[in-house]
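Residue-level structure breakdown
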Amino acid sequence: MNIDLIPEELEFRDEVRGFLADDYPEDIRRKRDQGVALTRDDTVRWHKALYKRGWFAVEWPVEYGGTGWTPVQKYLFANELAEANAPLVVPFGVKMVAPIIYTFGNDAQKSRFLPDILASNVWWCQGYSEPGSGSDLASLKTKADFDGSDYIVNGTKTWTTLGQHADWIFCLVRTKSDVARRQEGISFLLIDMKTPGVTVNPIITIEGGHEVNEVHFDNVRVPTENLVGEEGKGWTYGKVLLQHERVNIAGVAVSQYRLNKLKTRAAESVRGADPLINNQSFARKIAALEIDLRALEYTELRTLASIATGQAPGPESSFLKIRGTEVQQAIDAMTMEAAGYYALPYVPAQYTLDFPDIDRIGEGIETRTSLQYFNNRKASIYGGSNEIQKNIIAKHVLGL
Ligand SMILES: Cc1cc2nc3c(=O)[nH]c(=O)nc-3n(C[C@H](O)[C@H](O)[C@H](O)COP(=O)(O)OP(=O)(O)OC[C@H]3O[C@@H](n4cnc5c(N)ncnc54)[C@H](O)[C@@H]3O)c2cc1C
C-alpha cells in the first residue's frame with residue numbers, strides 16, 4: 001500500500017530494520033528461511049529479543065509495558081517483520097490473555113501475571129473448545145465447582161494449540177448450570193498446568209505436526225484468586241478476546257510477503273521454459289490476490305485505527321478473519337500449483353523429476369509447500385470457523 005510516510009515514520013521504519021539486522025537471531029532466521037519448525041526455546045528467544053527492545057507488547061497500554069505506537073507504526077512494524085520472514089509472536093499470553101487481565105483482572109492479578117507475560121517467562125495456552133463444543137461454545141461442559149475454598153475443575157479441552165509447552169492455561173468453565181441462558185454461568189479461570197490432575201495428550205494433524213492437544217482436568221484444584229473478573233461473566237470476557245484473536249489471524253503482512261515470494265519464483269525461468277508468471281491464467285489469479293490483499297490492508301488499518309482510540313475490535317474482525325484466511329489459503333494453493341509435483345512431501349527415489357517440458361518452479365521450493373498447504377487448512381477453522389464469522393456478520397452488521 002502506498003502510504004505517504006512522514007520523516008518520523010521513515011526514521012521509525014529504519015529503526016525497525018536496524019533492530020532486525022542486529023537482533024533477529026541468525027540461527028532462527030536460517031530455520032525460518034529453510035521452513036524448519038521452531039522449538040519452544042527459539043520462540044522464547046525471539047520474544048525476549050523483542051521484549052528487550054520494548055517491542056513485544058505492541059498493543060498493550062503504555063502503563064503496562066505497551067508501545068503507544070500509532071496505527072501507522074504498528075503497520076510498518078508488522079510489514080518489516082514479515083519482510084524479514086521473522087516468526088509471528090505466539091499470541092496466547094501477550095495478545096490474548098493479557099488484554100483480559102489488564103482490562104478485567106484485579107490489581108493482584110495484574111502484578112502477578114503481566115510482568116511474566118511481558119518478559120515471556122511463562123507460556124500460556126487457550127482452553128475454550130471442547131469435544132462437542134466448538135462453534136457452539138456456550139454448550140461447554142468443563143465444570144468448576146466451588147467446594148468452599150477452591151474451584152474443583154473437571155472436563156476436557158481440545159485443539160489446545162502448543163499446550164504441550166504451556167505453563168498456564170486460560171479457560172472458560174461452567175460455574176453454574178441452572179441458568180436461563182447458556183452463556184450465563186460461564187467463568188474465566190487461570191489454571192497452572194503443573195496442578196495435579198492436568199494431563200496433556202497430543203493430537204497429530206494431517207501434515208504430521210504436533211501443534212494441538214487435548215487437555216484433561218481431573219479434580220483439578222484452582223484457587224479462587226485465579227478467577228478473572230466476576231464469576232459467571234466469562235462469556236463477555238471470552239468474546240472480547242476472540243475479537244482480538246480474529247484481527248491477529250488475518251496475517252495481511254505475512255500474506256503479502258508470501259505472495260511477493262511466489263511472484264519472484266514464478267518469474268524465474270526453469271530450464272529455459274517460459275516463466276510461469278507469463279501464463280495468463282496464473283497471472284490473472286495473482287492479480288486477483290493482489291487486489292484482495294490491498295483491500296484487506298485498508299480494512300486492517302481501519303481496525304487498528306479504531307483499536308488505537310480505545311475501542312475493542314467489533315464485527316469487522318470477522319471480515320478480516322474470513323478474507324485474511326481465504327487469501328492465505330489461496331496463496332497456499334497457488335504455491336502448490338506453481339510447485340507441481342515437487343510439492344509432494346515424499347517422492348520415492350525411483351521417480352525422476354526431470355521432465356524436460358515442465359514449466360513449474362518446484363525445484364528449490366522444497367517439500368514444505370505441501371506441509372504448509374495441509375497445515376494451514378486450519379486457518380478457516382480456528383478462532384471461530386469462517387461460516388460462524390459469516391453468521392456474526394449477518395446478525396451484527398447486516399441486522400438479519
Ligand atoms: C489447528 C487448530 C487450532 C486450534 N486451537 C485452539 C486453541 O488453542 N484453543 C481453543 O480453545 N480452540 C482451538 N481450536 C478450536 C477451534 O476454535 C474450533 O475448531 C472451531 O471453533 C470449530 O469448532 P469445532 O471444531 O467443534 O467444529 P464444529 O463446531 O463441530 O463445526 C463443524 C463444521 O460445521 C460448521 N458449523 C457449525 N455450526 C454452524 C452454524 N451455526 N452455521 C453454519 N455452519 C456451522 C462449522 O463452520 C464447521 O465447518 C483450534 C482449532 C484448530 C483446527
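Counting from 1, residues in each chain are numbered in the order their sequence is written. This being a predicted model, a pLDDT of at least 70 is required before a residue's local features are given, and a value of 80 or more before pairs of side-chain atoms are given or counted; all residues contribute to the totals for chains, interfaces and linings. The basis for every side-chain value is the complete set of heavy atoms in the structure, and neither hydrogens nor water enter the calculation.

One heavy atom suffices: a residue is near a molecule or strand as soon as one of its heavy atoms comes within 4 Å of it. The local shell around the ligand holds 18 residues, among which Ser-135, Trp-159, Thr-161, Ser-385 and Glu-387 are the closest. Gln-126 is positioned with one of its backbone polar atoms (N or O) 2.9 Å from a nitrogen atom of the ligand. Taking Glu-387, its side chain carries an N or O atom lying 2.6 Å from an oxygen atom of the ligand. Exposure was quantified through the Shrake-Rupley algorithm and a 1.4 Å probe, taking into account, for residues, occlusion by the shown protein chains and nothing else. Starting from 980 Å² of accessible surface for the ligand in isolation, the protein chains cover 66%. Three classes are used: nonpolar for Ala, Val, Leu, Ile, Met, Phe, Trp, Tyr, Cys and Pro, charged for Asp, Glu, Lys and Arg, and polar for all others, with Gly counted as polar. Taken together, the residues that form the shell around the ligand break down as 7 nonpolar, 9 polar and 2 charged. Pairs of N or O atoms are called polar contacts if they sit within 3.5 Å, as long as, within protein, a hydrogen donor faces a hydrogen acceptor (for residues adjacent in sequence, only side-chain-to-side-chain pairs).

Residue alternation in strand E1 (residues 124-127) divides its side chains into two sets, Trp-124 and Gln-126 and Cys-125 and Gly-127, and both sets are buried. Should DSSP find at least two bridges between two strands, the strands are taken to pair. Secondary structure elements are defined from DSSP: runs of H or I of at least 4 residues count as helices, runs of E of at least 2 residues count as strands, and each element is numbered from the N terminus. With 4 bridges joining them, E1 and strand E4 (residues 168-174) adopt parallel strand pairing. Bridge pairing links Gly-127 to Cys-171 in E4. Three exposure classes are used, based on accessible area relative to the maximum for each residue type with a 1.4 Å probe and protein chains only: buried under 20%, partly exposed in between, and exposed over 50%.

Bringing the environment of Thr-195 into the picture now. The residue Thr-195 is located in the loop between strand E5 (186-192) and strand E6 (198-204) in this model. Put simply, Thr-195 and Val-220 are 25 residues apart on the chain and 6.6 Å apart in space, counted from C-alpha to C-alpha.

A cavity, in this analysis, means grid points on a 1 Å lattice covering only the protein atoms where a 1.4 Å probe fits yet has no way out; a pocket is instead an open set bounded by protein on both sides within 12 Å along at least five of seven lines, and a residue lines either one if it has an atom within 4 Å of a point. Grid points are joined across faces, edges and corners, and a volume is the space filled by probe spheres set on the points. Throughout the structure, instances matching the rule amount to 2 cavities of 30 Å³ or more. If you go around the largest cavity, you meet 14 residues; those closest to its centre are His-47, Ser-120, Val-122, Trp-123 and Trp-124. Among the secondary structure elements, those contributing two or more residues to the lining of the largest cavity are helix H3 (40-52) and helix H5 (91-104). A breakdown of the residues in the lining of the largest cavity according to their chemical character gives 9 nonpolar, 4 polar and 1 charged. Here the second largest cavity is characterised by a volume of approximately 30 Å³. Lining of the second largest cavity is provided by Arg-32, Ala-82, Asn-85, Ala-86, Val-254 and Tyr-257.

What follows is about the nonpolar core. When a protein is soluble and globular, its nonpolar side chains tend to lie buried together. One finds Trp-46, Phe-170, Phe-188 and Leu-190 to be the most contacted residues of the largest nonpolar core, which totals 72 residues. The greatest single-element share of this core, amounting to 8 residues, is contributed by H5. Whether two residues touch is decided by their heavy atoms; if any such pair falls within 4.5 Å, the residues are in contact. Residues in contact with Phe-188, not counting those within four places in the same chain, are Val-97, Ile-100, Tyr-128, Phe-170, Cys-171, Leu-172, Asn-226, Leu-227, Val-228, Gly-234, Tyr-237 and Leu-241. Residues grouped as a nonpolar core are buried Ala, Val, Leu, Ile, Met, Phe, Trp, Tyr and Cys residues, joined through side-chain atoms within 4.5 Å. Residues Leu-276, Ile-286, Leu-296 and Leu-320 belong to the second largest nonpolar core, which totals 16 residues.

The subject of this paragraph is the domain arrangement of the protein chain. Reports of interface size often rely on the accessible area that becomes lost once the parts have come together. For every domain, the bounds stem from an assignment made automatically or drawn from a database. You can read the domains of the protein chain as domain 1 (7-89), domain 2 (123-232) and domain 3 (250-397). In this assembly, 4 residues from domain 2 lie in contact with 6 residues from domain 3. Carbon and sulfur atoms make up 55% of the surface buried where domain 2 meets domain 3, a total of about 440 Å² over both sides. We count a salt bridge whenever a side-chain nitrogen from Lys or Arg sits within 4 Å of a carboxyl oxygen from Asp or Glu. Applying the counting criterion to the domain 2 and domain 3 interface returns 1 salt bridge. As a salt-bridge pair, Glu-211 and Lys-378 come within 2.5 Å of each other at their nearest N and O atoms. Joining two parts hides part of their accessible area as seen by a 1.4 Å probe, and the buried area is that hidden amount summed over both.

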